[in-house]
Amino acid sequence: MVKNSKEMLQKNLYKFNIYEIFDSFSVFWVSIVAIFYLFLGFSLTQIGILSAITFAVIFTLEIPTGILGDKLDRKTVMIIASLFNLATAILLFISTSFIGVFAAAACLGISRTLKSGTNIALMYDTHKAIKREKDFKKFRSKNIAISMYSRAIAVVIGGVLAGISFKLVFGLAIVSSAIHFLIVLSFKEPRVFTKKKTPHLGHLIPSFGEIIKTRKVLVTFLYGIIITGIVEGLVRFHQIFTKEIGFTTSHVGFLFGLIFLFAGFSSHLSSKIDKKISIKKSIILIPFSLSLLYILLGSVNLYFIGWFIVIEAIVYGYFMPFIDQLRNQYLSSERRATILSISGFAVSVYIMIISLLIGFFSDIFGIDRIYFGLGISLLVITMPLAISLRNQLRQ
């Protein structure tokens, strides 16, 4: 067997940064896709269905694609994911009907499921093969920053182009997806990949048991799912809401650029924020802040209200590494991956349901009232969980 060239594997590292740039530009239409749906004449209920189908595909395929990742090389799985990413852009470019866009949403779900975790595994395997495992965290932090800043630029461009023609948006997405595919093809597969045993019921049941029986794990699990589900479920409806209060399509793109930019800053500075605000205070402040923001969004229809959505991004940017740290410190090592997979599955189901409900009730009551109702609901549901979690940390 011919050994991997260390020089070729070294090239994987800078390719990962280029990969993140074109990965962002391949889906830079996310900031205006709900507006595109409105342009096609879809109802808010239909838009909710399109958002839900992506997450329905994700949670349906999460376990099967995990098995696929164990049986195939990381690069092969990433190639398949990149092809579905390209198919998504092509379908959005040519589609004028609900069926066509529905197929695009399904392809996006497949691509995201296949890509999720696989690119990180290949990145880590590359560091391991060239004996630079200690540099992985530093490299990944820089890689995430490049991804967030690329998305910020991409969504602004997407908004500007959408103001001219949606065809320009999806045409550029096709070109970016094709380049993205070529970058994936150029990766070198490090031969440190070890096949794992296929997950089986005998491991899954004890993992569920650990969630249910360990109170800290259960409360943290529910706390993270509820907040993540509402924030992620509202992303497309933010586009519709800002459009209704007077934003142009270009302005929506600029707004989402700010969202990614500030979320990136907030995530990057999370450890410094922890030194200023204790974890126990953050547990309470995060859901309280988000609830207040949604209540304000549902109460005040002013143009500058977009800044409330930016503040939501700042809170959520801090929340992402915060909940990862909180969740992982309570999990047993032997079941960590399985429990996190169950968490991802639960979040996808929750987002699917939330998207359907938001779309359905927005058609009936108006989207502003839905924001107000979500703010009250989030406050009522999460505060008891937050107080319980804070009290357990004191023990």
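Residues numbered from 1 in each chain as written. Predicted model: local features only at pLDDT ≥ 70, side-chain atom pairs only at ≥ 80, totals over all residues. Heavy atoms only, no water.

Considerations on a nonpolar patch on the surface
Part 1 of the reasoning: A surface patch of nonpolar side chains, about 540 Å² in accessible area, is lined by I353, L357, F360, F361, I364 and F365.
Part 2 of the reasoning: Looking at where F365 falls in the secondary structure, it is placed in helix α16 (residues 336-365).
Part 3 of the reasoning: Overall, the relative accessible area of 44% leaves F365 in the partly exposed class. (Patch = residues over 30% accessible without salt bridge, like charges linked within 9 Å, V, L, I, M, F, W, Y side chains within 5 Å. Areas by Shrake-Rupley, 256 points an atom, 1.4 Å probe, with all protein chains shown as cover. Salt bridge = Lys/Arg side-chain N within 4 Å of Asp/Glu carboxyl O. Helix = DSSP H or I, 4+ residues; strand = E, 2+ residues; numbered from the N terminus. Buried < 20%, exposed > 50% of the residue type's maximum accessible area, 1.4 Å probe, protein only.)

Quick look at the packing of helix α10 (residues 215-233) against helix α14 (residues 279-299)
Part 1 of the reasoning: At a minimum axis distance of 12 Å, the contact between α10 and α14 shows a crossing angle of 25°. Considering their axes alone, α10 and α14 lie roughly parallel with respect to each other. Two packed elements cross with a definite hand, and for α10 against α14 that hand is left-handed. Side by side, α10 and α14 meet where Y223, I227, I230 and V231 of the first sit next to S282, I283, I286, P287, L290 and Y294 of the second.
Part 2 of the reasoning: Each residue belonging to the contact of α10 with α14 can be placed in one class, and the counts come to nine nonpolar, one polar and no charged. (Axes fitted to C-alpha atoms, helices over the stretch in contact; angles between N-to-C directions. Parallel < 35°, antiparallel > 145°, perpendicular 65-115°, else oblique. Left-handed = near helix turned anticlockwise from the far one by under 90°. Contact = heavy atoms within 4.5 Å. Nonpolar A, V, L, I, M, F, W, Y, C, P; charged D, E, K, R; others polar.)

Points about the nonpolar core
Part 1 of the reasoning: By size, the foremost hydrophobic cluster in this structure holds 77 residues, and its most contacted members are W29, Y223, I286 and Y294.
Part 2 of the reasoning: Take this core: its biggest share by element is 11 residues, from helix α15 (residues 306-328).
Part 3 of the reasoning: Among all residues touching I286, those that are not within four sequence positions of it are Y223, I227, V315, Y318, F319 and F322.
Part 4 of the reasoning: Counting 17 residues, the second largest nonpolar core, distinct from the first, contains F55, A106, F221 and M352. (Core = buried A, V, L, I, M, F, W, Y, C linked by side-chain atoms within 4.5 Å.)

Comments concerning the packing of aromatic side chains
Part 1 of the reasoning: Scanning all chains against the criterion turns up 18 aromatic pairs.
Part 2 of the reasoning: For the pair F16 and Y19, a centre-to-centre distance of 6.4 Å together with 80° between the ring planes defines the contact as edge-to-face. Of this pair, F16 and Y19 both sit in helix α1 (residues 6-26), three residues apart, which is roughly one turn of the helix. This pair shows no difference in class: F16 is buried, exactly as Y19 is.
Part 3 of the reasoning: Between F98 and F102, the ring centres sit 6.1 Å apart and the planes meet at 45°, which makes this aromatic pair tilted. Of the two residues, F98 and F102 both sit in helix α5 (residues 98-115), four residues apart, roughly one turn of that helix. (Phe/Tyr/Trp six-rings, centres within 6.5 Å; stacked < 30°, edge-to-face > 60°.)

Quick notes on helix α12 (residues 249-268)
Part 1 of the reasoning: In this model α12 runs 29 Å from its N-terminal to its C-terminal C-alpha over 20 residues, within 8% of the 28 Å that 1.5 Å per residue would give.
Part 2 of the reasoning: Considered for burial, the residues of α12 that qualify are T249, S250, V252, G253, L255, F256, G257, I259, F260, A263, G264 and S266. (Expected span 1.5 Å × (residues − 1).)

Re the side chain of S355
Part 1 of the reasoning: The residue S355 is located in helix α16 in this model.
Part 2 of the reasoning: In this structure, S355 is in contact with G48, S51, A52, G233 and F237, ignoring residues within four places of it in sequence.

Concerning the environment of L326
Part 1 of the reasoning: Relative to the helices and strands, L326 is located in helix α15.
Part 2 of the reasoning: Since its relative accessible area comes to 3%, L326 is described here as buried.
Part 3 of the reasoning: When the C-alpha atoms of L326 and V217 are compared, they prove to be 9.3 Å apart, with 109 residues separating the residues in sequence.
Part 4 of the reasoning: In this view, L326 contacts T220, I279, I283 and L389; residues no more than four positions away in its chain are not counted.

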